[in-house]
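# Tertiary structure, described
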Amino acid sequence: MFNRLRQSFGLSPPEPSAGSSTTYDWDSAGAGQTLSGETPPPSSVDSAPPPPSGGFAFRKVLTEEERAALKAKEEAEQRAREEQIRRQLEATQRKLEEEAHAKGQFAKKEKAQYNDKVVDPSLWVPCLIVGVHFDDGPEKPYYTIRFDRGGEEIEKQTQVERLRAAPVEKEG
């Protein structure tokens, strides 16, 4: 009887294609209830917009394979977005470093080498610039750096004379 009523109002669910195991649940006013009164799991129903208040809608129930494919697609899109953001951040950092080097300075988040005279006056250790300070004017910045000394992470302030550019890392 319900099927005849739905058909008379033009509300029949789409017919599945031959060989398809896709089913459709009847959803009254977007309440998320099927005819049997069960609420389908959120991941098994596609994200169609809810119908207008008081209306009826059909929601496609996804098969396990369709859910797996949808999840894989979403994960691939997320990885692509993250990779694009990473490339943009790297390009921005390179630009900042180039601008700072043109002025004979270092940029925040830049890798450099620090002359650690406490251990050995001729020792240059890898460090990370975590802050650039211009208290003495734009021509004479000083830096907050972070580096490792004997297994202990050290954060300290230093001047440009105790820093040098880190060797360029070869990719691949």
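All values derive from a computational prediction rather than experimental measurement.

### Observations regarding the overall build of the chain
Counting its regular elements, the chain contains 2 helices and 7 strands. Of the regular secondary structure in the chain, the N- to C-terminal order runs α-β-β-α-β-β-β-β-β. Scored against the burial criterion, the 172 residues of the chain give a buried share of 23%. Taking the contacts inside the chain whose residues are at least 6 apart along the sequence as the reference set, 40% of them involve residues at least 24 apart. In the structure as shown, the chain presents an accessible area of about 12,700 Å², 53% of it carried by carbon and sulfur atoms.

### Notes on unusual backbone geometry
Phi is mostly negative for residues that are not glycine, and the peptide bonds are mostly trans. Within the chain, Lys-109 stands out as a residue other than glycine whose phi angle is a positive 70 degrees. Structurally, Lys-109 is set in the loop between α2 (64-102) and β3 (111-115).

### Focus on the packing of aromatic side chains
Within this structure, the stated rule accounts for 2 aromatic pairs. Taken together, a centroid distance of 5.8 Å and an interplanar angle of 85 degrees make the contact between Phe-106 and Tyr-143 edge-to-face. Of this pair, Phe-106 sits in the loop between α2 and β3 while Tyr-143 sits in strand β5 (residues 142-149), placing them 37 residues apart in sequence. When the ring of Tyr-114 is compared with that of Phe-147, the centres are 5.0 Å apart and the planes differ by 35 degrees; the resulting orientation is tilted. Taken as a pair, Tyr-114 in strand β3 and Phe-147 in strand β5 lie far apart in primary sequence, 33 residues in all. Residue Tyr-114 shares its accessibility class with Phe-147, and that shared class is buried.

### Points about the nonpolar core
The biggest cluster of nonpolar side chains holds 11 residues, and these are Phe-106, Ala-112, Tyr-114, Val-125, Cys-127, Ile-129, Tyr-143, Ile-145, Phe-147, Ile-154 and Leu-163. Contributions of two or more residues to this core are made by β3, β4 (124-133) and β5. What Ile-129 contacts, discounting residues up to four positions off in sequence, is Phe-106, Ala-107, Lys-108, Lys-109, Glu-110, Ala-112, Tyr-143, Thr-144, Ile-145 and Leu-163.

### Points about the side chain of Thr-158
Locating Thr-158 in the fold gives a position in strand β6 (residues 152-159). Residue classification places Thr-158 among the buried residues on the basis of a relative accessible area of 7%. When near neighbours in sequence (up to four residues on either side) are disregarded, Thr-158 contacts Tyr-114, Tyr-142, Tyr-143, Ile-145 and Leu-163.

### Points about the confidence of the model for the chain
Residues of the chain with pLDDT of at least 70 account for 65%, and the chain-wide mean is 78. Overall, residues 27-37 carries pLDDT values under 50, and its contacts beyond four positions in sequence, including any with other chains, amount to 27 contacts.

### Considerations on the pattern of salt bridges
Scanning the entire structure with this criterion turns up 7 salt bridges. A salt bridge links Asp-116 to Arg-149; the shortest N-O distance between them is 2.9 Å. Taken as a pair, Asp-116 in the loop between β3 and β4 and Arg-149 in strand β5 lie far apart in primary sequence, 33 residues in all. We classify Arg-149 as partly exposed; its relative accessible area is 24%. Note that Glu-153 and Arg-146 form a salt bridge whose closest N and O atoms lie 3.7 Å from each other.

### Side note on the pairing of β3
By the criterion of burial, β3 is predominantly enclosed, with 4 of the 5 residues buried. Sheet analysis places β3 next to β4, joined by 5 bridges and oriented antiparallel. Directly across from Lys-111, in β4, lies its bridge partner Leu-128. Sheet analysis places β3 next to strand β7 (residues 163-165), joined by 3 bridges and oriented antiparallel. Bridge pairing in β7 links Tyr-114 to Leu-163.

Scoring rules and cut-offs
- Residues numbered from 1 in each chain as written.
- Predicted model: local features only at pLDDT ≥ 70, side-chain atom pairs only at ≥ 80, totals over all residues.
- Heavy atoms only, no water.
- Helix = DSSP H or I, 4+ residues; strand = E, 2+ residues; numbered from the N terminus.
- Buried < 20%, exposed > 50% of the residue type's maximum accessible area, 1.4 Å probe, protein only.
- Contact = heavy atoms within 4.5 Å.
- Areas by Shrake-Rupley, 256 points an atom, 1.4 Å probe, with all protein chains shown as cover.
- Phe/Tyr/Trp six-rings, centres within 6.5 Å; stacked < 30°, edge-to-face > 60°.
- Core = buried A, V, L, I, M, F, W, Y, C linked by side-chain atoms within 4.5 Å.
- pLDDT = per-residue confidence, 0-100.
- Salt bridge = Lys/Arg side-chain N within 4 Å of Asp/Glu carboxyl O.
- Pairing = 2+ DSSP bridges.

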